[in-house]
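# A look at the structure
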Amino acid sequence: MSVTFISAQDALARMAIPLGTPGGFSTIIDARSEGEYALDHLPHAVNWPSLNNEERIFVGTMYKQQGAFEAQKHGAAMVAANIARHIQREVLELPKNWQPLIYCWRGGKRSGSLSLVLGQIGFKVNLIEGGYKAFRAAMVEDIPKRVAPLQFKVISGPTGSGKTRLLYALAAEGAQVLDLEELASHRSSVLGHIPGQPQPSQKRFDTLVWQALRSFDPARPVFVESESRKVGNLSIPESLMLAMRDSPCFELQLSLDERVALLMEDYKFFVDDQDLFGRRLDALVAIRGKAVIEAWKEQIHAGHIDQVVRELLVLHYDPTYAASMVRNFTQGGQATPCIAKDRQPNSLRQLAKVLCETNAA
């Protein structure tokens, strides 16, 4: 039998080596339930539940009602059956030099059982001591170390100026881009929730941010959008937030007419669902007052959505954003202007080329 316990820190270090290459792991296996896996998991991990969601609940209930011995007997039968299915489905065609990394919640029975069987087959198995819980602690501790050597370039600019579109253009030009809104599945404002697209858990967001950070070359700049501390319901890691706020800013400027048109395109779901737009505006009642919100709702249902968007920008978003930049970004006042002719891809592509050239390391 060949099962080796490794620390979470060692697992992090070896995960820098691509899967399937010498010195790295062949596969990363999460032995927890599919529900636990969905909340967060190690990058590139596959899910081989030792107990699925329903079985885990069943065993937990039996533990409380009948005691540990009865729960462990039934749990063992379920785990054995599940491991057999995983082997039948995934393992029979694998070569002897296949080396998986396996973990569960705390490195206990679920990952231990799978590791034991795979080790007895003859595979060299690595098992994370302390499981996912230890990995997450090590990963959170590692984030500031990943942030420290990076050179951030902050794309600032008022709402609707096309900051996200510029990030896409920069990525297309080969620049390093950290798109926090994409990772958070949110457009980072009161109206920023995307219908039908739930945000990940905070733990999942942290892992996605860490995964992105470790992919960057410190010798090259990383472009990131100016964000508040939270993107929707998710908090940006403190070390990353502080680094962003102390970095050079490049202010994207676009005419008000173009900004309105851009938002009508990017938030088309509000144009298509006027009731949804109206309900979202209720979040601003405490700030703008009920009379203003009701007036905006009337304009929406009268078909004047573009006018509501314009007033939202002028009355709410622009002053809020300007105050936030002055208060939070130390170099915001000295931001380099980046004037876009219009919102079209070619204009932003040209800006991206200039930014890449002027910020080349």
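Definitions and cut-offs
- Residues numbered from 1 in each chain as written.
- Predicted model: local features only at pLDDT ≥ 70, side-chain atom pairs only at ≥ 80, totals over all residues.
- Heavy atoms only, no water.
- Salt bridge = Lys/Arg side-chain N within 4 Å of Asp/Glu carboxyl O.
- Buried < 20%, exposed > 50% of the residue type's maximum accessible area, 1.4 Å probe, protein only.
- Helix = DSSP H or I, 4+ residues; strand = E, 2+ residues; numbered from the N terminus.
- Lys, Arg positive; Asp, Glu negative; His and termini not counted.
- Contact = heavy atoms within 4.5 Å.
- Polar contact = N/O pair within 3.5 Å; in protein donor to acceptor, adjacent residues only side chain to side chain.
- Core = buried A, V, L, I, M, F, W, Y, C linked by side-chain atoms within 4.5 Å.
- Pairing = 2+ DSSP bridges.
- Axes fitted to C-alpha atoms, helices over the stretch in contact; angles between N-to-C directions.
- Parallel < 35°, antiparallel > 145°, perpendicular 65-115°, else oblique.
- Left-handed = near helix turned anticlockwise from the far one by under 90°.
- Nonpolar A, V, L, I, M, F, W, Y, C, P; charged D, E, K, R; others polar.

### What to know about the pattern of salt bridges
Evaluation of the coordinates by the stated rule reveals 21 salt bridges. In this structure, Arg32 engages Asp30 in a salt bridge whose closest nitrogen and oxygen atoms are separated by 2.8 Å. Here Asp30 falls in the buried class, since its relative accessible area comes to 0%. In this structure, Asp206 and Arg136 form a salt bridge, with 2.9 Å as the shortest nitrogen-oxygen distance.

### What about the side chain of Asp342?
Secondary-structure assignment places Asp342 in the loop between strand 12 (336–339) and helix 17 (345–358). Here Asp342 occupies a buried position and makes no salt bridge, while the nearest side chain of opposite charge, Lys341, is found at 5.0 Å. Not counting residues up to four positions away in its chain, the partners in contact with Asp342 are Leu254, Glu258 and Ser347.

### Comments concerning the side chain of His86
For His86, the position within the fold is in helix 4 (residues 68–91). Within polar-contact distance, the side chain of His86 engages the side chain of Arg89 at 3.0 Å. Among residues more than four places away in sequence, those in contact with His86 are Trp48, Pro49 and Val91.

### Here we look at the nonpolar core
Leu42, Leu101, Phe152, Leu178, Leu180, Leu213 and Leu240 are the most contacted members of the largest nonpolar core, which has 45 residues in total. The dominant element in this core, judged by the number of residues it contributes, is helix 6 (residues 131–147), at six residues. Those residues within four positions of Leu180 in sequence are excluded, and the remaining contacts are Phe205, Val209, Val224, Glu227, Val231, Ile236, Leu240 and Met244. Listed in part, the 37 residues of the second largest apolar core include Ala175, Leu262, Ile305 and Leu355.

### Digging into the sheet that holds strand 8 (residues 221–225)
The five strands lie next to each other as 7-8-6-11-12, forming an open sheet whose pairing is parallel. Looking at the sheet topology across the chains shown, the edges are occupied by strand 7 (176–178) and strand 12. Taking the axes of each pair of neighbouring strands and ignoring which way they run, one obtains an average angle of 30° across the sheet. Note: strand 7 against strand 8, three bridges, orientation parallel. Paired with Val177 across the two strands is Phe223, which belongs to strand 8.

### A short note on the packing of helix 4 against helix 5 (residues 109–121)
How two helices sit against one another is set out by the angle between their axes and by the gap between those axes. Here helix 4 crosses helix 5 at 50°, and the two axes come no closer than 10 Å. Comparing the axis directions of helix 4 and helix 5 gives the class oblique. Seen along the crossing, helix 4 lies across helix 5 with a hand that is right-handed. Taken together, the residues of helix 5 that come into contact with helix 4 (itself represented by Gln72, Val79, Ile83, Ile87 and Val91) are Lys109, Ser113, Leu114, Val117, Leu118 and Ile121. Looking at the contact of helix 4 with helix 5 residue by residue, the classes come out as eight nonpolar, two polar and one charged.

### Things to note about the sheet that holds strand 2 (residues 27–30)
The strand order across the open sheet built from five strands is 1-5-4-2-3, with neighbouring strands paired in parallel fashion. The open sheet has two free edges, formed respectively by strand 1 (3–6) and strand 3 (46–47), since each of these has just one partner strand. Pairing geometry for strand 4 (residues 100–103) and strand 5 (residues 125–128), over two bridges, is parallel. If you follow Leu101 over to strand 5, its bridge partner there is Asn126.

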